[in-house]
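Observations on chain architecture
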Amino acid sequence: MFENVPEYISTAADGLWITVGATVAGIAIAAVLSFVFGLAMLSRLKTVRVIARIYVEIWRGTSEVVQLYWVMFALPILLGYRLVPLLVGILVLGLNFGAYGAEIVRGAVQSVPRAQYEGTIALSMTPAQRMRRVILPQALVEMVPPFNNLFIQLLKGSALLTIIGVSELTHQGKEVLIPRNVSEAATIWTVILLFYLLLAILITMGMRWLERRAAALVGRQPTKRDSVFARFGGGKDPLPAEQSKGGLADLRRKGGE
Amino acid sequence: MNDVWQWDYAFEVLPGIVGGGLWMTIKVTVLASILAYVIGLGLALLRRSDLRIVSMVAWAVIEFIRSTPLLVQLFFAFYVLPDIGLLFDPVTTGVVVFGLHYATYAAEVYRAGIEAVPRGQWEAATALSLPRSRTWTKVILPQAIPRVLPALGNYTISMLKETPLLLTIGVLDIVGVAAEEGSQAFRYVEPITIAGVLFLILSYSASLLTRWMERRVGIAR
Amino acid sequence: MIRFEDVGKSFGPVTVLDGLNFTVAPGEFVTLIGPSGSGKTTILRLVMTLEQVTSGVITVGGEYLSHMERGGRLVRADEKHQREVRKRIGMVFQQFNLFPNMKVMQNLTEAPVRVLGKSRAEAEERARELLDLVGLNDKVDAHPSQLSGGQQQRVAIARALAMQPDVLLLDEVTSALDPELVAGVLALLKDIARTTDITFLCVTHEMGFARDVSDRVMMFDGGKVIEDAAPDKLFSEPDHERTRSFLQAVLERG
């Protein structure tokens, strides 16, 4: 039963690199979009807030598969030319998870205590200085654990690229290994699942390192968690929307003595 | 034929997508949610077991399922279940896999809800010599479950958006039907856009429902 | 130095301040006392521009704070105008509000460098002097989270002084401290008040301190000043029954 395992591993590994590449590129795009649109949702300009909100709602409200199909098959009709599947996959991963990430950034910035904002006013800082020097550095610490979840969800989401024909890890199983050895499906899929588990652990280790760095920055201990696996809550699930924690969101609401 | 958007084609495909696909999306989501919330509660209780080996195994299962792609798990079940004599039809396979996958998320939600019940409640139950099972069913869970309903609702919304994965094992949901129509006519813009809009409507109404639950729970507390 | 003209402030339907008039002379130390909810902290927050007036006008050092002149007319101040005026104003908060992502030194130099445009060397030198003054020159490289409440509040005082303010607002600066740390912080403030010509506006429940350090004490109730007198007069023979009962209640509490 196990004599073919080395072959399975080497064949799967061919797709592993595409999975890794798509995940890393997707994370890079998602991270940039998260900050751009997360901060845009906190803008003082209503137009900017509305545009950011529309992006977030559309990409969170539809399904990743719809988005893959749309960019792969519908967009070319509007655009006039086709994108290669891997590029489509990376774009969709980045845009989809960037929308979830934007909510993380917004929530983290709003969770910075209002007192910190008042401290910056008492020191006459400009709005840009307040955000860059005081609010964002503190918000970063809050963001790391939910971003860890999000990036693992993104890794898992990269498996869907197989639907538009990207020969990543899952594709290697479904289209290469299974047709050859359908009687050993259990072994094949276990090998592939373990590859994904390994990648998820690597992401978590990386994020733990980041979290320690970020926590040191604000001079406090990182949150305690059981192990490299253990993470907070759900991840890609919609955040309980518009739940302000008495932070910057309440700036416009005045508080009494 | 070169119009960017063709209304008559859109109206031609709409009934199929709504009638066949939408119904399948809702059916799978509802059934798998029920399964997930029941199994999830079981996993959460196993996770809290006093037997270290039991809680360790529950932890490992939860983390493994949560960290790996639903799609691969779907393929695993689709190809392996028949080998061990479980001849499910594809819809049942989908419901079982979705239910199990989301059960691991639900387990974490229940766990957080249970931990949020103040220690004093356990101590009061002990002081009244309530048996353990009675403490769980009459004291702890009635306090924990209402609080976790909104979070569970959010997972149902996530699940809704993953039902298109079922097209890989031949179950056609909204996107499945839309893609089928698109491939027949070599025109994807209308069916896929309709599918996207349907998802927007579904997840928006589901989030309204969740928010309503959040308020209800807030009042009950 | 500070002038309130008919200042009113409401939060929705709740009126906190109602037609308030008072002035604080340059270099004066004025303490606001009164029951909680009487609007004392709101006054400080208005001066710091953390809140905006509902009606009336505030001036600081002869410049409009709540408003500005544009085309010969008085209009509500915009953020830019307020940022300019509030450079002259500093505030020490009840909860310190130090920036946890910066070490002590950076907490003290950040605003002087970025807002006042001082050179880093100059800002650091000044910061060291101030840390000497507050007795924490060994904590230059500490994170705020490593300091006790009393130490954090001393750093916060130094941070406010680093901006060389003309006006310093003290908002219940000892309320969040452990009882044994209160005396040290108050002694420090007294020292600063005596040796500088900064104008102080102070909200406190420490009546001994208020009596000791203030030039004037204002008793507040229901959004109005009901008594405004030198501390000796106000604490020993207040004119108003309300002041008397308030002081008695505070003294009985200890």
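Each chain has its residues counted from 1, running along the sequence as written. All chains are assigned letters beginning with A, and all ligands numbers beginning with 1, in the order in which they are written. Selection of residues for local features in this predicted model requires a pLDDT of at least 70, selection of side-chain atom pairs for listing and counting requires 80 or more, and totals for whole chains, interfaces and linings are taken over all residues. Only hydrogens and water are set aside when side-chain values are computed; all heavy atoms of the structure are taken into account.

Looking at the overall build of chain A
Tallying secondary structure elements over chain A gives eight helices and zero strands in all. Helices and strands appear in chain A in the N-to-C order α-α-α-α-α-α-α-α. Only heavy atoms matter for contacts: two residues are in contact if any of them lie within 4.5 Å across the pair. A separation threshold of at least 6 residues defines the contact pool for chain A, and within that pool the share at least 24 residues apart is 76%. If you sum the accessible surface of chain A, you get close to 10600 Å²; carbon and sulfur atoms cover 67% of it. Strands here mean DSSP runs of E at least two residues long; helices mean DSSP runs of H or I at least four residues long; both are numbered from the N terminus. Under the convention used here, a 1.4 Å probe and the Shrake-Rupley method define accessible areas, while residue burial counts only the protein chains that appear.

Some thoughts on the packing of aromatic side chains
All names here are of chain C. Ring pairs are drawn from Phe, Tyr and Trp, using the six-membered ring of Trp, whenever the two centres fall within 6.5 Å, and their geometry is named by plane angle: stacked under 30 degrees, edge-to-face over 60, tilted for the rest. Scanning all chains against the criterion turns up 20 aromatic pairs over all chains. Seen from their ring centres, Phe-4 and Phe-22 are 4.6 Å apart, and the 20° between their planes marks the pair as stacked. Taken together, the positions of Phe-4 in strand 1 (residues 2–11) and Phe-22 in strand 2 (residues 14–24) put the pair 18 residues apart, joining distant regions of the chain. With relative accessibility at 2%, the residue Phe-4 sits in the buried group. Each residue gets one of three labels from its accessible area relative to the maximum for its type: buried under 20%, exposed over 50%, partly exposed in between, using a 1.4 Å probe on protein chains only. For Phe-22, a relative accessible area of 7% puts it in the buried group.

Topic: the interface of chain A and chain C
Each side of the interface is counted separately: chain A has 28 residues, and chain C has 36 residues. Between Lys or Arg on one side and Asp or Glu on the other, a salt bridge is scored when a side-chain nitrogen of the former is within 4 Å of a carboxyl oxygen of the latter. Between chain A and chain C we count three salt bridges in total. Two residues, Arg-130 of chain A and Glu-79 of chain C, come together in a salt bridge whose shortest N-O distance is 2.8 Å. Within 3.5 Å is the distance limit for a polar contact, defined as a pair of N or O atoms, with the added protein rule that one can donate a hydrogen and the other accept it, and that residues adjacent in sequence qualify only through two side-chain atoms. Linking chain A with chain C are eleven residue pairs in polar contact (both at pLDDT 80 or more). Secondary structure elements with two or more residues in the side of chain A that touches chain C: helix 5 (114–122), helix 6 (127–157) and helix 8 (185–217) of chain A. Among the residues making up the side of chain A that touches chain C, the classes are represented as eleven nonpolar, ten polar and seven charged. In this classification, the charged set is Asp, Glu, Lys and Arg, the nonpolar set is Ala, Val, Leu, Ile, Met, Phe, Trp, Tyr, Cys and Pro, and all remaining amino acids, among them Gly, are polar.

Here we look at the sheet that holds strand 2 of chain C
All names here are of chain C. If DSSP finds at least two bridges between two strands, the strands pair. Spatially, four strands are ordered 2-1-4-5 in an open sheet, and the strand pairing comes out antiparallel. With one partner strand each, in any of the chains shown, strand 2 and strand 5 (63–64) form the two edges of the open sheet. In this analysis, axes come from line fits to C-alpha atoms, helices being fitted only over the stretch in contact, and the angle between any two N-to-C directions falls in the range 0 to 180 degrees. Most of the contacts of helix 1 (residues 40–47) go to strand 1, to which it runs at about 115°, and overall it touches strand 1, strand 2 and strand 4 (55–60).

Quick look at the environment of Asp-232 of chain C
Residues and elements named next belong to chain C. Position of Asp-232 relative to the elements: it lies in helix 8 (residues 231–236). Distance from Asp-232 to Asp-191, taken between C-alpha atoms, is 20 Å for residues 41 residues apart in sequence. When sequence neighbours within four positions are dropped, the list of residues in contact with Asp-232 reads Arg-211 and Glu-237.

Here's the deal with the packing of helix 1 (residues 7–47) of chain B against helix 7 (residues 174–185) of chain B
All names here are of chain B. Contact geometry for helix 1 and helix 7: axes closest at 7 Å, N-to-C directions at 150°. Every pair of crossing elements has a handedness; the one defined by helix 1 and helix 7 is right-handed. Between helix 1 and helix 7, the residues in contact are Tyr-9, Val-13, Gly-16, Ile-17, Gly-20, Gly-21, Leu-22 and Thr-25 and Ile-174, Val-177, Ala-178, Glu-181, Gly-182 and Ala-185, respectively. Of the residues assigned to the contact of helix 1 with helix 7, the class counts are eight nonpolar, five polar and one charged. Here a crossing is called left-handed whenever its near helix is offset anticlockwise from the far helix by less than a right angle, and right-handed whenever the offset is clockwise.

Describing the pattern of salt bridges
One side chain can pair with another of opposite charge once the charged atoms of both are near each other. Residue and element names in this part refer to chain C. Per the stated rule, a full pass over the model turns up 35 salt bridges over all chains. With its nearest N and O atoms 3.6 Å apart, the salt bridge here joins Asp-232 to Arg-211. Here Asp-232 is found in helix 8, whereas its partner Arg-211 is found in helix 7 (residues 207–213), with 21 residues between them in sequence. Judged by its relative accessible area of 38%, Arg-211 is partly exposed.

Side note on the interface of chain B and chain A
Taken together, the 42 residues of chain B in the interface contact 51 residues of chain A. Linking chain B with chain A are zero salt bridges, by the criterion used here. Scanning the region where chain B abuts chain A turns up nine residue pairs in polar contact (both at pLDDT 80 or more). Secondary-structure elements contributing two or more residues to the side of chain B that touches chain A are helix 2 (52–67), helix 3 (70–80), helix 4 (90–115), helix 6 (132–162), helix 7 and helix 8 (189–220) of chain B. Looking at the side of chain B that touches chain A element by element, the count peaks at nine residues for helix 8 of chain B.

Focus on helix 3 (residues 64–79) of chain A
Note that bend, as reported per residue, equals the angle between axes fitted to the 7 residues terminating at that residue and the 7 residues originating from it. Maximal helix bending in helix 3 of chain A amounts to about 40°, located at Trp-70 of chain A. Positive phi appears at Gly-80 of chain A, one or two residues downstream of helix 3 of chain A, with a value of about 100°.

Considering the UniProt feature "transmembrane region" (unreviewed entry) in chain A
The residues that UniProt annotates with the feature "transmembrane region" (unreviewed entry) are residues 16–42, 68–93 and 186–210 of chain A. Along residues 16–42 of chain A one finds 93% helix and 0% strand; the C-alpha atoms at either end are 38 Å apart. UniProt positions are given in the numbering used here, feature names are shortened, and annotations may be inferred rather than shown by experiment.

Quick word on the UniProt feature "domain: ABC transmembrane type-1" (unreviewed entry) in chain B
Following the UniProt record, the feature "domain: ABC transmembrane type-1" (unreviewed entry) maps to residues 22–210 of chain B here. End C-alpha atoms of residues 22–210 of chain B are separated by 20 Å, and the span's content is 81% helix alongside 0% strand.

With respect to helix 6 (residues 179–195) of chain C
Turn by turn, an α-helix covers 3.6 residues, leaving residues three or four places apart pointing in a common direction. All names here are of chain C. Between its first and last C-alpha, helix 6 extends 26 Å over 17 residues, near the 24 Å set by a 1.5 Å rise per residue. Listing the buried residues of helix 6 in full gives Val-182, Val-185, Leu-186, Leu-188, Leu-189, Ile-192 and Ala-193. One side of helix 6 holds all its buried residues, which, seen down the axis, span an arc of 160°. Along helix 6, exposed side chains directed more than 90 degrees from the buried face belong to Glu-180, Ala-183, Arg-194 and Thr-195. Where helix 6 is buried, its residues meet strand 3 (29–33), helix 4 (120–133), helix 5 (149–162), strand 9 (167–171), strand 10 (199–203) and helix 7. For a helix, the expected span equals 1.5 Å multiplied by the number of residues minus one. The arc refers to the directions leading from the helix axis to the C-beta atoms.

Topic: the nonpolar core
Grouped together as the largest cluster of nonpolar side chains are 166 residues, with contacts concentrated most on Tyr-69 and Met-143 of chain A, Leu-165 of chain B together with Phe-4, Ile-43, Leu-169 and Leu-201 of chain C. With residues near it in sequence (within four places) discarded, Leu-165 of chain B still touches Val-65, Leu-160 and Ile-163 of chain A together with Leu-70, Leu-71, Leu-74 and Phe-98 of chain B. Take the buried Ala, Val, Leu, Ile, Met, Phe, Trp, Tyr and Cys residues and link them wherever side-chain atoms come within 4.5 Å; each set so joined is a nonpolar core.

With respect to a nonpolar patch on the surface
Among the surface-exposed residues, Trp-23, Ile-26, Val-30, Ile-34 and Val-38 of chain B lie close enough to one another that they form a single nonpolar patch of about 490 Å² accessible area. Secondary-structure assignment places Ile-34 of chain B in helix 1. Here, patches come from residues exposed beyond 30% relative accessible area and free of salt bridges, joined within 9 Å for like charges and within 5 Å for nonpolar side chains (Val, Leu, Ile, Met, Phe, Trp, Tyr).

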